[in-house]
Amino acid sequence: MLSLQFKRLIHSIKKSPVGFAFDIDGVLMQSKNPILPYARDTVTLLQDHKIPFVLLTNGGGQTEASRVSFLNKSLSLKNPLRTSQIVLSHTPMRNLTGKYNRVLVVGGDDPQTREVAQSYGFQEVIRPIDIVREAPNIWPFIRYTREEIQALSKPVDLRQPIDAVFVFNDPRDMGTDTQIVIDALCSENGVLGTRRGIGSSKPSVPIIFSNMDLLWSTGYPIPRFGQGAFRLTIRELYKQLNNAELEDIVLGKPWPVSYTYAENVLNDEWKLLNGDRSGANEIPELGVKPKEQLVENVYMVGDNPQSDISGGNNYGWETILVETGVYKEGDFHKYPTLAKPTFGIFPNVWDGVTSALKRHQVI
């Protein structure tokens, strides 16, 4: 229950006429390279006019603080972004620490991804490299060197069951990770090295993917496969082995849970801009919308019609599609089922955002 004092505080804050949620890769960055000057100029403009915004990305594999630090350095911002302004694909998983204890975390680099899961509060974080250390023949074509295993792995008792599988980011060793994940899903009560009977859609342990992006922009002329390709692989192999469709959970865009989470963060950002820190250290509940919408018009700015635009449209936000990432001119003609932006298609993030701000007479 909200206290009377807090209710009065909320109502005393004037609502922001507009706010933004930005994808990162393809909108502000292309892989490790900033899209300049548009990205820096856009962020600076919003900061100067005290317009609330969040970064909502299907990327991950590192802590929120590390990602924000990299962006601040890459964009050379005079006012650094805050860690609270970013929602990585796996950020909402912070809510699951009380539900699962011993988790297998797949994807991303070592040791960064382990550190992410540990920072969220998971009691025992197991990585595929730990399992390779204990069972080197679990997959005959592992890419890990002897030196990497020695430096990056930790001892793990394979007799103990795994509670859940979390896919935090794109696998770095697709073959090894595929085999280990399938072993866990088809095991007897989560114990690796065992195999239960076939026929069930429900895996032995739950698996949660942080996003389902099939493609993403890396700066290569053609978009590259993302975590969604790994999910398709896991689902098809599970179906072949179990004669049943896999029951899994997917976070990230375009699913509503990520937009709900981002909306809560956007509310908190607007309160911070008004000197209210009441929500600064709170973790939004999964799937729970804020009690009051403090930003009247939210624009999702993205480069991927299948995730950014589709998710934003379905959530009821305005959407802006930019041409600096996955989307290329002519794609709607080639693929007529792609979700179309409500506000328009723009060459870059600056043109899209300034057009929205002029629409609401902010600039």
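Predicted model only: the values in this text are computed from it and were never measured. (Residues numbered from 1 in each chain as written. Predicted model: local features only at pLDDT ≥ 70, side-chain atom pairs only at ≥ 80, totals over all residues. Heavy atoms only, no water.)

**What to know about the nonpolar core**
Counted only if it meets this: Among buried residues, those of type Ala, Val, Leu, Ile, Met, Phe, Trp, Tyr and Cys that are joined through side-chain atoms within 4.5 Å constitute a nonpolar core. Throughout, exposure labels follow a simple rule: accessible area from a 1.4 Å probe, protein chains only, divided by the maximum for the residue type, with under 20% read as buried, over 50% as exposed, and the rest as partly exposed.
In terms of nonpolar packing, the biggest core is built from 30 residues, with Phe20, Phe22, Leu55 and Val301 touching the most fellow members. In terms of nonpolar packing, the next biggest core, distinct from the first, is built from 28 residues, Ile126, Ala135, Ile207 and Ile234 among them.

**Describing the packing of helix 9 (residues 256-273) against helix 10 (residues 305-315)**
We count it as follows: As a rule, the C-alpha atoms of each element are fitted with a line to give its axis, helices using only the stretch in contact, and angles between N-to-C directions run from 0 to 180 degrees. A run of DSSP states H or I qualifies as a helix once it reaches four residues; a run of E qualifies as a strand once it reaches two. Both are numbered from the N-terminal end. In what follows, roughly perpendicular refers to angles from 65 to 115 degrees, roughly parallel to angles under 35, roughly antiparallel to angles over 145, and oblique to any angle outside these ranges. In this analysis, two residues are considered to be in contact whenever any of their non-hydrogen atoms come within 4.5 Å of each other.
Relative orientation of the contacting elements helix 9 and helix 10 amounts to 75°, with a least axis distance of 10 Å. Comparing their axes, helix 10 and helix 9 come out roughly perpendicular. In contact with Pro256, Tyr259, Thr260 and Glu263 of helix 9, helix 10 contributes Ser307, Asp308, Gly311, Gly312 and Tyr315.

**Section: the pattern of salt bridges**
Oppositely charged side chains can form a pair if their charged atoms are brought close together. What counts, and what does not: The rule for a salt bridge is simple: a side-chain nitrogen of Lys or Arg has to be within 4 Å of a carboxyl oxygen of Asp or Glu.
Per the counting criterion, the structure on display carries 19 salt bridges. Between Asp110 and Arg127 there is a salt bridge, with the nearest N and O atoms lying 2.7 Å from each other. Note that Asp110 is positioned in the loop between strand 6 (102-106) and helix 4 (112-120) and Arg127 in the loop between strand 7 (124-126) and helix 5 (128-134), a separation of 17 residues in sequence. Summarising the burial analysis for this pair, Asp110 and Arg127 share the class buried.

**Section: the sheet that holds strand 6**
Test applied: Whether two strands pair comes down to DSSP finding at least two bridges between them.
Pairing is parallel across the open sheet formed by 5 strands, whose spatial order is 7-6-8-9-12. The sheet terminates laterally at strand 7 and strand 12 (249-250), the two strands that pair on one side only. Relative to strand 7, strand 6 runs parallel, the two being bridged by 3 bridges. Within strand 7, the residue paired with Arg102 across the bridge is Glu124. Here helix 8 (residues 227-242) sits on the sheet and contacts strand 6, strand 8 (164-167), strand 9 (207-209) and strand 12; the angle it forms with strand 9, its principal contact strand, is near 155°.

**Considerations on the packing of aromatic side chains**
Cut-off, in case you're wondering: Aromatic rings from Phe, Tyr and Trp, with only the six-membered ring used for Trp, were paired whenever their centres fell within 6.5 Å, and each pair was classed as stacked if the ring planes differed by under 30 degrees, edge-to-face if by over 60, and tilted otherwise.
Per the counting criterion, the structure on display carries 15 aromatic pairs. Note on Tyr100 and Phe166: the rings are 5.9 Å apart at their centroids and 75° apart in plane angle, and the pair reads as edge-to-face. You can see Tyr100 sitting in the loop between strand 5 (86-87) and strand 6 and its partner Phe166 sitting in strand 8, a full 66 residues away along the chain. Classification of Phe166 by relative accessible area gives buried; the value is 0%. Each residue in the set Phe20, Phe22, Phe53, Tyr299, Phe343 and Phe346 is aromatic and connected to the rest through ring pairs, giving one cluster.

**A look at the sheet that holds strand 1 (residues 19-22)**
One open sheet accounts for 6 strands, arranged 5-4-1-13-14-15; its pairing is parallel. The open sheet has two free edges, formed respectively by strand 5 and strand 15 (344-346), since each of these has just one partner strand. Sheet topology places strand 14 (residues 318-322) next to strand 15; 3 bridges connect them, and they run parallel. What sits directly across from Leu321, in strand 15, is Ile345.

**What about helix 4?**
Quick note on the threshold: Here the arc refers to the set of directions running from the helix axis out to each C-beta atom.
When we look at burial in helix 4, the residues that qualify are Thr113, Arg114, Val116, Ala117 and Tyr120. Taken around the axis of helix 4, the buried residues stretch over an arc of 155°, which confines them to a single face. Within two residues after helix 4, Gly121 carries a phi angle of roughly 110°, on the positive side.

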